[in-house]
Amino acid sequence: MSRWLLKTEPSEFSIEDLAARGEEAWTGVRNYQARNFLRSMRPGDLALIYHSSCARPAVVGIGRVQSEAFPDPTQFDPESPYFDPRSRPEAPRWYAVNIAFERRTERPIALAAIKAQPALAADFPLTRRGNRLSVMPVTEAQWRAILALERVR
DNA sequence: GCCAACGTTGGC
DNA sequence: GCCAACGTTGGC
């Protein structure tokens, strides 16, 4: 089983939305490196759900990968903001996976707290300056170090 | 709202 | 294939 981190803007789709729906197709990823990570996901993998571009950037919950990667349907939908006119159905550029709600963290695990952890300061895409990757792998050690912060304070 | 950092595009 | 210009991300 692999572990991941998925960013989402809570104004677009929040952990509350995922909790309410139970499962969601994780669409709209339009970065090749992130796309490649989506494609290496397997059912049963776990993912930290992270709120970005908001007042309190934080890990807010955990999701479970429910499917293999499949072509992201929004790339073919001219009405979608994620429409990609250069992608062809016979050779899709972009992929999605289904993500199930697992649980919320007991409290938001703030980016500031994550950065303050020496174990997470180095070699973790989320805490690197200028990082824009919206799907990233998380090692078991990083996973534990982040969730250890759930009960701090 | 600002701005640094990044990925992508396109001219050459 | 290089690289400047541009648009976007995302923390603050």
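Residues numbered from 1 in each chain as written. Chains lettered and ligands numbered in written order. Predicted model: local features only at pLDDT ≥ 70, side-chain atom pairs only at ≥ 80, totals over all residues. Heavy atoms only, no water.

A.B. asks: What should I look at first to understand the protein's contact with DNA strand C in this one?
C.D. replies: Neighbouring residues of DNA strand C: Lys7, Tyr50, Ser52, Ser53, Pro57, Leu111, Lys115, Asn131 and Arg132. Near the protein, within 4 Å, the atoms of DNA strand C are sugar or phosphate in 81% of cases. Within the contact set of DNA strand C, a phosphate oxygen lies 2.7 Å away from a side-chain nitrogen or oxygen of lysine 7. Within the backbone of serine 53, an N or O atom sits 3.0 Å from a phosphate oxygen of DNA strand C. Residue composition of the surface near DNA strand C, by class: 3 nonpolar, 3 polar and 3 charged. (Near = heavy atom within 4 Å. Polar contact = N/O pair within 3.5 Å; in protein donor to acceptor, adjacent residues only side chain to side chain. Nonpolar A, V, L, I, M, F, W, Y, C, P; charged D, E, K, R; others polar.)

A.B. asks: What is the right way to read helix 2 (residues 32–39) from this model?
C.D. replies: Since the α-helix turns once every 3.6 residues, residues separated by three or four places project in the same direction. When we look at burial in helix 2, the residues that qualify are Ala34, Arg35, Phe37 and Leu38. Viewed end-on, helix 2 has its buried residues packed into an arc of 160 degrees, placing them on one side of the element. Packing partners of the buried residues in helix 2 comprise strand 1 (3–8), strand 6 (95–110) and strand 7 (135–138). The N-cap of helix 2, judged by a side-chain oxygen 3.0 Å from the amide nitrogen of glutamine 33 a few residues on, is asparagine 31. (Buried < 20%, exposed > 50% of the residue type's maximum accessible area, 1.4 Å probe, protein only. Helix = DSSP H or I, 4+ residues; strand = E, 2+ residues; numbered from the N terminus. Arc of directions from axis to C-beta. Contact = heavy atoms within 4.5 Å.)

Read these as layout, nothing more, since geometry by itself doesn't imply function.
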